[in-house]
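# Per-entry structural report
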Amino acid sequence: MSLTRADLESSRLHNMILQSGLGMQLLSESQLQESIRVTLKSHKADTDVWLFAYGSLIWNPIFKYTERLVGTVYGWHRRFCLRALVGRGTPDNPGLVLGLDCGGSCRGVVYRIPAAEIHSELLLLWRREMVIGSYIPRWVKVLSGTNEIMAIAFIINRHHPDYAGKMCFESTVNTIATAKGELGSSAEYLMQTVEGLKTVGIEDKHLLQLHSSVLEQQNNW
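Here is what the cut-offs are and how they apply
Residues numbered from 1 in each chain as written. Predicted model: local features only at pLDDT ≥ 70, side-chain atom pairs only at ≥ 80, totals over all residues. Heavy atoms only, no water. Helix = DSSP H or I, 4+ residues; strand = E, 2+ residues; numbered from the N terminus. Rg over C-alpha atoms; globule rule 2.2 N^0.38 Å. Buried < 20%, exposed > 50% of the residue type's maximum accessible area, 1.4 Å probe, protein only. Contact = heavy atoms within 4.5 Å. Areas by Shrake-Rupley, 256 points an atom, 1.4 Å probe, with all protein chains shown as cover. Lys, Arg positive; Asp, Glu negative; His and termini not counted. Charge placed at Lys NZ, Arg CZ, Asp CG, Glu CD. Core = buried A, V, L, I, M, F, W, Y, C linked by side-chain atoms within 4.5 Å. Salt bridge = Lys/Arg side-chain N within 4 Å of Asp/Glu carboxyl O.

The name given to the protein in an unreviewed UniProt entry is glutathione-specific gamma-glutamylcyclotransferase, and the organism recorded there is Plectonema cf. radiosum LEGE 06105.

### Observations concerning the overall build of the protein
Along the backbone of the protein there are eight helices and seven strands. A globule of 221 residues ought to have a C-alpha radius of gyration of about 17 Å, and the protein, at 17 Å, matches this closely. Taken along the three principal axes of its C-alpha coordinates, the protein extends 55 × 40 × 30 Å. Residues classed as buried in the protein amount to 51% of the 221 residues present. A fraction of 76% describes how many contacts in the protein between residues 6 or more apart in sequence connect residues 24 or more apart. Roughly 10600 Å² of accessible area belongs to the protein as shown, and the carbon and sulfur atoms make up 51% of that amount. Put simply, the protein has 22 plus and 21 minus side-chain charges, and the middle of one group is 4 Å from the middle of the other.

### Structural notes on the nonpolar core
With 59 residues, the main nonpolar core has Phe52, Phe80, Leu125, Trp126 and Phe154 as its most contacted residues. It is strand β3 (residues 95-113) that contributes the most residues to this core, nine residues altogether. Among the nonpolar cores identified, the runner-up in size contains eleven residues, and Leu26, Val86, Leu124 and Val131 belong to it.

### A short note on the pattern of salt bridges
All told, the structure shown has twelve salt bridges when counted by the stated rule. Here aspartate 204 ties to arginine 78 by a salt bridge, and the two come within 2.9 Å at their closest N and O atoms. Of this pair, aspartate 204 sits in the loop between α7 (186-199) and α8 (205-219) while arginine 78 sits in strand β2 (residues 67-84), placing them 126 residues apart in sequence. For aspartate 204, a relative accessible area of 15% puts it in the buried group. Judged by its relative accessible area of 7%, arginine 78 falls in the buried class. With a closest N to O distance of 4.0 Å, arginine 88 and glutamate 188 form a salt bridge. One end of the pair, arginine 88, is in the loop between β2 and β3; the other, glutamate 188, is in helix α7, and 100 residues separate them in sequence. Shared partners join several salt bridges into a network, and the residues in it are Arg5, Glu9 and Glu121.

What follows is the structure, encoded as structure tokens:
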């Protein structure tokens, strides 16, 4: 399964993590609101906001937007670098999900969120991406054709305890192939991301290699 808009409006994700008993440090609603306020501090009031997506926000955005473009960010790359102890794995067998880590470049999707919807839509996004502080919201420059768009992206927090660092390819494949949590498996997350990228004409060779290797391992069981 995947997160729905209703899940975030009802704080299901927050409660799921809270009830896991793992003692994760959760951000309160007021902390999420303050993070949004700080992020928007340099943004011109009453204007649309752009958001850069590189993983599940491509195939399951669930927020309201009026425009979607393919674009590239330089200085950051997409990588399975965040351990998932609840949603896509368990404490005994943590899964992996994507983060935007430093170095290289990343092709993804940039969404325009209308000014009138910023408050409600960013709060849902923060409840989804910022609930345990594993990401850092940051303005990045997205190149889309001849356009340069400043957009919010959720960068991996390298100081977070669930940051996986640079795992070797074999360990990454084994983790993704075997981990499963309350929101589904890490393998499903990978496959949905590959398909989501495909629908917008993006081919990520590293993810395709992971996809092939994960399927091969699962087929050999």
